Amino acid sequence: KSPKEPAPKERHEVDHLEKPSPLTDKERVMIQDSWTKVYQNCDDVGVAILVRLFVNFPSSKQYFSQFKYIEEPEELERSAQLRKHAHRVMNAINTLVESLDNSDKVASVLKLVGKAHALRHKVEPVYFKILSGVILEVLGEEFPEVVTAEVAAAWTKLLATVYCSITAVYEEVGWTKISTSTG
Ligand code: HEM
C-alpha cells in the first residue's frame, strides 16, 4: 500500500449511475447494525432528513401541496404532510434493511415506490439521488460513532442500488426525462 495514499474525501453523493456490485455479508451486517440505532430515533431522523432535503434543495418541495411555499425550517418541521412522508420513507428503508437477504422483497418494495412516484406523484427521479446524498449526510452527522467510513461506504452502496432500481422502474413505466440535474 502506498504511503502517499490520499485520505478518502468525505462524500455525500451517490453518483454512480451504474448498478453497484451486490452487498457483501459484511456490508449487510454493517447496514443492519447501524440502522438499529437510527431507527430507534426514526421520527426525529426522518424529519431531519426531509427538512434538510427541502431546505437545501427547495425545488424538491414543488411536489408537496401543503408546504411547497414554506421556507422556514421550523415551519417545515411542523408540517403534517412532511412528517407523514418522513415516516413513510423511514418505514420503507426499514423494510429494505430488514429484507436485504430477500432480493424479491427488495425489488417489490422498490417497484411500488418507483411506480407511485413516477405515475402518481410525477417526481423527477433525480430527487431520489439527491435524497440519498442527504440521508448519508444526516446519518453521518447524527450518528458519528455508528456511521464510520466503512459503514458509510456500505450505505452509499445500498442507496446507489436503490437509486438504480428506482430509475429502472421509471424507465419501465415509460418515464423518458431521466435527467441528472435539477434543471
Ligand atoms: C427512498 C425514497 C422515498 C420513499 C421510500 C418514499 C415513500 C413514499 C410513500 C410510501 C408514499 C405514500 C404512498 C404513495 O402515495 O405512493 C409517498 C408519497 C409521496 N412521495 Fe415519496 N418517497 C421517497 C422519496 C420521495 C422524493 C424524493 C419525493 C420528491 C422530492 C417524494 C414525493 C412524494 C410525494 C409528493 C408523495 C405524496 C404525498 C402526499 O400525498 O401527501 N418522495 N412516498
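Residues numbered from 1 in each chain as written. Predicted model: local features only at pLDDT ≥ 70, side-chain atom pairs only at ≥ 80, totals over all residues.

(A) The UniProt feature "domain: Globin" (unreviewed entry) in the chain, seen in detail. Per the UniProt record, "domain: Globin" (unreviewed entry) is found at residues 22-171. The annotated region residues 22-171 carries 76% helix and 0% strand content, and the separation between its end C-alpha atoms amounts to 21 Å. (UniProt positions renumbered as here; feature names shortened; annotations may be inferred. Helix = DSSP H or I, 4+ residues; strand = E, 2+ residues; numbered from the N terminus.)

(B) Geometry of helix α4 (residues 80-98). Here α4 contains 19 residues, and its C-alpha end-to-end distance of 27 Å stays within 8% of the 27 Å for a straight helix at 1.5 Å per residue. Of all the residues in α4, the buried ones are Leu-82, Ala-86, Met-90, Ile-93 and Leu-96. Taken end-on, α4 shows its buried residues confined to a sector of 120°, consistent with a single buried face. Of the exposed residues in α4, the ones pointing more than 90 degrees away from its buried face are Ala-80, Lys-84 and Arg-88. Contacts made by the buried residues of α4 are with α2 (42-56), α3 (73-78) and α5 (103-120). (Expected span 1.5 Å × (residues − 1). Buried ≥ 20, exposed ≤ 12 C-beta atoms within 10 Å, placed from the backbone. Arc of directions from axis to C-beta. Contact = placed C-beta atoms within 7 Å.)

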